[in-house]
Amino acid sequence: MGALQSLPDEPEYRDLSEKTGFSFEQIGILHKRFKQLSHNEDTLRRDDLNTIPDLSCNPIRTQIIEAFFDKRNFHQNGEGTVQEISFEEFLVVMSHFRPPALDMTEEQREIIRREKLRFLFNMHDTDNDGTITLEEYRHVVEELLSRSGALGKETAKGIADAAMLEVASISMGHMEPDEFYEGITFEHFLKILKDIEIETRMNIRFLNMDTTNLCK
Amino acid sequence: MSVRVVLHSPSGSRSFLERGLLLLVMLIFLEGTVLTLGAASSPDISAQDNTGGHDHRGIAGSHDHTNYTYTKKAFPVLSLDYHHIQVPFEISLWVLLASLMKLGFHLIPRLSSIVPESCLLIVVGLLVGGLIKLAGEEVPPVLDSNLFFLCLLPPIILDAGYFLPIRPFMENIGTILMFAVVGTLWNAFFVGGLLYAVCQIEGTYLSQVELLPCLLFGSIISAVDPVAVLAVFEEIHINELLHILVFGESLLNDAVTVVLYHLFEEYSGAGEVTPMDVVLGVICFLIVSLGGIAVGAIYGILAAFTSRFTSHTRVIEPLFMFVYSYMAYLSAEMFHLSGIMALIACGAVMRPYVEANISHKSHTTVKYFLKMWSSVSETLIFIFLGVATVAGPHAWNWTFVSVTVILCLVSRVIGVVGLTFIINKFRIVKLTTKDQFIVAYGGLRGAIAFSLGYLLDKDLFPMRTMFLTAIITEIFFTVFVQGMTIKPLVDLLAVKKKQEAKRSINEEIHTQFLDHLLTGIEDICGHYGHHHWKDKLNRFNKKYIKKCLIAGERYKEPQLIAFYHKMEFKQAIELVESGGGVKLPSAVPSQVSMQNIQPKKLPPPVAERALPQFTKGREEEIRKILRSNLQKTRQRLRSYNRHTLVADPFEDGWNDFLLKKQRLIELEKKMTEMSNYLTVPGAIPDSPTMCRARLASDPNAFYNIKASSDGVPTIQVDLASPQSPDSVNMLNEFSKEGHTGQGLGQREGATGKGLGQREGATGQGLGQREGATGLGLCQREGADRDEDQGLMMKPAGKGEKGEEEGGNKNPGLMRCLSDPGPSNEDEEDEPFLP
């Protein structure tokens, strides 16, 4: 465990571990990666993430990066964005992707589910008004299809519209022609994605081994 | 015999009576089989007759030439030569029996909700076997290994491979492999070894059984059977994870079974096994499994590549797929590679590419054929299991059989629990105790084990009959006891079930979104994990493989768009089938219309009305005309052609879909330009969905758009074609009728066009027709208006001519208005009058 030896001081890690649920090894590895990305600074900027080569082909790159600088994801009831994040905030954002424990009660499962979906919701709801409007949703789909050339743009609009219509019909039932559906609220968001088992899917494996030197 | 039948069928409720009747019908057929078997068993008689007749004729021919014709037997007007058709006839009878049984069980829902179909089929097989035996005939070796492995098994496996849910399969591949390889090995050695130990105990009279045959038996009996698992799991609707775990295991353990089988068979003659042989065995396993996958993948790619060029011979498209898959299976079997893995690989590899290449109809054909073959095969296999049970020579040994059954159960439980303990350390989503129980309990054995046992050499394995008996008992135990109790147990344990709901577009968007998100997070963390590699593979696939294997432009299509198109297409088909030609539902049938979600965009600049609004009755009329025209063009059949199907405008090739869509987009642009030119305000440029949705929510929307009064177009559309006097007449007539008529025509054209276009976005063929008929209609409308105003334009014949003329004279407009699809010409020729 080479990572363990490079730990700065145990108490700080204990604190982080309690806060985020990561093990010491995982924190150590993530810290190393953090240093690597930030070029040994204490804070991480957008540019540091923008230059990750693997990320460059990701169609939703900007949204992912934005999520790291979004105060709503820091568990602190803040709003708005920040210019740089410390390691702790980096960890807290990462902790949204922690796999759930083996035995959970239904309530715990539900809490985790809500947390993960809230993260997704915040990624879509860029202006933080509590709803995903049609414009925002269109933007999401456009980003998703941004790698597919000119064909994507028009279709993206159509897909977003169809999806929005679906949400409206699922969550509102019948609407009069002159009524207006403002956008997807979080409750509706929960409802339409209830068949996706987000708590078992929005996870990545945080290794206990150090692989950072393999990565670009 | 029929009396017996009546006794057999429990009387009482009506459904049981029905069942009795069905059974009766069945048994009559069976009697046929038995009789035929009787005839078959005495083929020498007819053969003798033949030769006798032949001799006689020969003699007659040689003896006196002159009387040759007189001594010849009378020409047989009707003769019976059963032997001639015996084999195919009997095969057909069996298939018929299987299908009838399948049909019969579905008539009795109550029964099939308690007892799984597989059990019922085995019982039927037992009855049939009993009948054949009662008739004093030799029971045919129905589960003969060649028949089973070369004919019955491949369809089921191909079906499984083709429809394999790739995503959960790949996500759980580690667990599946663990169960399939390590689990099967463990089972084989545990069962084999302990059986040998039991056999050595004094007093069991089994001391002549050696270790190697025991291990061989263990390896035969330890493999979970895909056929049985499919049959049972399909009925209990278990959640996707458990289904793929058990089913995937049953598919992938084939390689282990094949290798162990050949290994032990080889050495049970020779005696000793050296460590060298073990090493060879491991290598052999790798070759068998990876080789099988390679063979399958090669054929799969070949199939995909071939399907790239089949756009002109759509009828035989499906055949390519089946033949390539079967070849993959046979090629793999030729080298004793794992045929099952080859088929799975072939099906899974070719599916995404082939689906993009072949026409929608061909795809439906493929799906239906796969399902049909696999379900008939499955039915036959279970019936044959029953028949074989009656047929086979049995050597019942209480100790051996009961020890086998118990050991199988015990080893399975230990294996699953032990392996899960290890696996759970690596899994993100852990397997719970319930899951483990279902995986262990779902380990059903089936016909593959029986066929493998049947293959054993009698001389090498004197205890073959005892093995067979034990195998059959084990199969019966798992299929009947476990198969029947698993459903109540699943309910009792409240194991999560499969969600039946079809995928919504939102879920698809978020699935994609999640994939990219997770890949991104992995990249940020700096782990090259599952998602990272998947993303790499996807990009490679998109960049190179798809380009080679998919014809046309479709390879560029991202998954999300493909999904969306598929959804649209499905709805278009549904729409057409439901008969609604005018009311267009949006992408989601709902009570909510697009207006509700659209951000408050102001309606187009308001101008006062220039055109009379249609009354409801008038609209109805238009719809009627549209519909009848639609039907008419639909009903018109082309002449019969063996190589192509009669073209059906509603199901035009799925492949043309995208092309047409693109054309439509261009068209839309053109149209807006044109409508600007005509100063008729076109539809607000929106996304297609939006327009369609608006149209759906309010069919009047288009009629309500008001044209500015002086903007009523004088028809200066440069129709550009030489104007015949007739057409001039037409124009004069129109202008005589005044602005209204003309404007109306144009307006109608615009709306018709708009309609067609929107329709086009959903069902291309339909849109095309509608566009064309819409135009036709607008002309017709003009004529109608004349009549309304008492102008009595001209006799009907002339009117028709004029309209034809109109159709001819503005081909440019026609091209613009209707999608210039391939089948356009004959529409133009057609008079548009209903």
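Remember, it's a predicted structure, so these values are computed and weren't measured experimentally.

Asks: Just to check I follow, could you spell out the overall build of chain A for this structure?
Replies: Along the backbone of chain A there are 11 helices and four strands. Every one of the 216 residues in chain A was classed for burial, and the buried ones make up 50%. Carbon together with sulfur atoms contributes 48% to the accessible area of chain A, which is approximately 10,000 Å² in total.

Asks: Would you explain the overall build of chain B in this entry?
Replies: A count of helices and strands for chain B gives 35 helices and zero strands. By the burial criterion, 52% of the 834 residues in chain B qualify as buried. Looking at chain B alone, contacts between residues at least 24 apart form 83% of all its contacts between residues at least 6 apart. Counting only carbon and sulfur atoms, one obtains 65% of the accessible surface of chain B, whose full area is about 38,900 Å².

Asks: Can you walk me through the packing of aromatic side chains in this structure?
Replies: Note on aromatic pairs: each is described by the distance of the centres and the angle between the planes. Residues and elements named next belong to chain B. Following the criterion strictly, the structure yields 26 aromatic pairs over all chains and no others. Between the aromatic rings of Trp94 and Phe384, the centroid separation amounts to 5.3 Å while the plane-to-plane angle is 85°, which identifies the pairing as edge-to-face. Taken as a pair, Trp94 in helix α5 (residues 82–107) and Phe384 in helix α17 (residues 360–391) lie far apart in primary sequence, 290 residues in all. For the pair Trp94 and Phe384, one class covers both residues: buried.

Asks: Hey, could you run me through helix α21 (residues 464–493) of chain B in this one?
Replies: Each α-helix turn comprises 3.6 residues. Residues three or four places apart therefore point the same way. Roughly 35° is the biggest bend found in α21(B), and it falls at B:Ile486, with proline B:Pro488 one to four residues downstream. Phi turns positive, to about 55°, at B:Ala494, one or two residues after α21(B).

Asks: Any chance you could explain the pattern of salt bridges here in plain terms?
Replies: Any two side chains of opposite charge can pair, given that their charged atoms come close. Residues and elements named next belong to chain B. For the structure on display, the rule yields 18 salt bridges over all chains. Glu249 serves as the salt-bridge partner of Arg412, at 2.9 Å between the closest nitrogen and oxygen. Placement of Arg412 in helix α18 (residues 398–424) and of Glu249 in helix α13 (residues 240–270) is noted, with a sequence separation of 163 residues between them. Judged by relative accessible area, Arg412 falls into the buried class, the value being 5%.

Asks: Is there a simple way to think about the UniProt feature "domain: EF-hand" (unreviewed entry) in chain A in this case?
Replies: The sites that carry the UniProt feature "domain: EF-hand" (unreviewed entry) are, in the present numbering, residues 112–147 of chain A. Counted over residues 112–147 of chain A, helix gives 67% and strand 6%. Its end C-alpha atoms are 32 Å apart.

Asks: Hey, could you run me through the packing of helix α5 (residues 61–68) of chain A against helix α22 (residues 505–525) of chain B in this one?
Replies: How two helices sit against one another is set out by the angle between their axes and by the gap between those axes. Where α5(A) contacts α22(B), the axes come no closer than 10 Å and their chain directions differ by 60°. Classified by the interaxial angle, the pair formed by α5(A) and α22(B) is oblique. Every pair of crossing elements has a handedness; the one defined by α5(A) and α22(B) is right-handed. Of α22(B), the residues touching α5(A) (which contributes A:Gln63, A:Ile64 and A:Phe68) are B:Phe513, B:His516, B:Leu517, B:Gly520, B:Ile521 and B:Ile524.

Asks: I would appreciate a short explanation of unusual backbone geometry in the present structure.
Replies: Glycine aside, the phi torsion of most residues is negative, and most peptide linkages are trans. Residue and element names in this part refer to chain A. A positive phi angle is found at His39, which is not glycine, with a value near 55°. Tracing the sequence through the fold places His39 in the loop between α3 (24–38) and β1 (43–45). For His39, a relative accessible area of 56% gives the class exposed. Unusually for a residue other than glycine, Asn40 sits at a positive phi of about 65°.

Asks: When you look at a nonpolar patch on the surface in this model, what are you seeing that I'm missing?
Replies: On the surface, B:Val273, B:Val278, B:Val282, B:Leu286, B:Leu290 and B:Ile293 cluster together into a nonpolar patch covering about 500 Å² of accessible area. Residue classification places B:Leu290 among the exposed residues on the basis of a relative accessible area of 53%.

Asks: Would you mind showing me how to read the confidence of the model for chain B here?
Replies: Any residue range with low pLDDT should be treated as having predicted coordinates unsuitable for detailed reading. Residue and element names in this part refer to chain B. The predicted model of chain B averages 70 in pLDDT, with 59% of residues at 70 or higher. Confidence over residues 1–14 falls short of pLDDT 50; this stretch has 13 contacts with residues more than four positions distant or in other chains. Per the prediction output, this complex has pTM 0.68; the corresponding ipTM is 0.88.

Asks: Please clarify how the nonpolar core should be interpreted in this entry.
Replies: As a rule of thumb, soluble globular proteins bury nonpolar side chains together. In terms of nonpolar packing, the biggest core is built from 142 residues, with B:Trp94, B:Phe148, B:Leu153, B:Ile383, B:Phe400 and B:Phe450 touching the most fellow members. With 15 residues, the top contributor of residues to this core is α13(B). Ignoring sequence-local partners within four residues, the contact set of B:Ile383 consists of B:Trp94, B:Leu97, B:Ala98, B:Met101, B:Leu121, B:Val124 and B:Gly125. Judged by nonpolar contacts, the second largest core, of 72 residues, contains A:Leu144, A:Ala163, A:Val167 and B:Tyr564.

Asks: Explain the packing of helix α14 (residues 275–307) of chain B against helix α15 (residues 317–334) of chain B to me, please; I cannot follow it from the model alone.
Replies: All names here are of chain B. With their axes 9 Å apart at the nearest point, α14 and α15 run at an angle of 160° to one another. On the basis of the axis angle, α14 is roughly antiparallel to α15. Considering the relative orientation of α14 and α15, their crossing is right-handed. When α14 is examined against α15, the residues Val295, Gly296, Tyr299, Leu302, Ala303 and Thr306 are found in contact with a partner set consisting of Phe320, Tyr324, Met327, Ala328, Ser331 and Ala332. Residue classes in the contact of α14 with α15 are distributed as nine nonpolar, three polar and no charged.

Asks: Sorry, what's going on with the environment of B:Leu242 here?
Replies: Residue and element names in this part refer to chain B. Checked against the element boundaries, Leu242 lands in helix α13. Considering only alpha carbons, one finds Leu242 and Asp435, 193 residues apart in sequence, at a separation of 6.8 Å. If sequence neighbours within four positions are ignored, Leu242 has contacts with Phe233, Asp435, Ile438, Val439 and Val495.

Asks: How should the environment of B:Val115 be read in this particular structure?
Replies: Residue and element names in this part refer to chain B. Within the element layout of this structure, Val115 appears in the loop between α6 (109–114) and α7 (117–134). On the basis of relative accessibility, which here comes to 15%, the residue Val115 falls in the buried class. Separated by 370 residues in the primary sequence, Val115 and Thr485 have C-alpha atoms spaced 9.1 Å apart. Excluding its chain neighbours within four sequence positions, the residues that come into contact with Val115 are Leu120, Glu235 and Met484.

About the cut-offs
- Residues numbered from 1 in each chain as written.
- Chains lettered and ligands numbered in written order.
- Predicted model: local features only at pLDDT ≥ 70, side-chain atom pairs only at ≥ 80, totals over all residues.
- Heavy atoms only, no water.
- Helix = DSSP H or I, 4+ residues; strand = E, 2+ residues; numbered from the N terminus.
- Buried < 20%, exposed > 50% of the residue type's maximum accessible area, 1.4 Å probe, protein only.
- Areas by Shrake-Rupley, 256 points an atom, 1.4 Å probe, with all protein chains shown as cover.
- Contact = heavy atoms within 4.5 Å.
- Phe/Tyr/Trp six-rings, centres within 6.5 Å; stacked < 30°, edge-to-face > 60°.
- Bend = angle between axes of the 7 residues up to and from the residue.
- Salt bridge = Lys/Arg side-chain N within 4 Å of Asp/Glu carboxyl O.
- UniProt positions renumbered as here; feature names shortened; annotations may be inferred.
- Axes fitted to C-alpha atoms, helices over the stretch in contact; angles between N-to-C directions.
- Parallel < 35°, antiparallel > 145°, perpendicular 65-115°, else oblique.
- Left-handed = near helix turned anticlockwise from the far one by under 90°.
- Patch = residues over 30% accessible without salt bridge, like charges linked within 9 Å, V, L, I, M, F, W, Y side chains within 5 Å.
- pLDDT = per-residue confidence, 0-100.
- Core = buried A, V, L, I, M, F, W, Y, C linked by side-chain atoms within 4.5 Å.
- Nonpolar A, V, L, I, M, F, W, Y, C, P; charged D, E, K, R; others polar.

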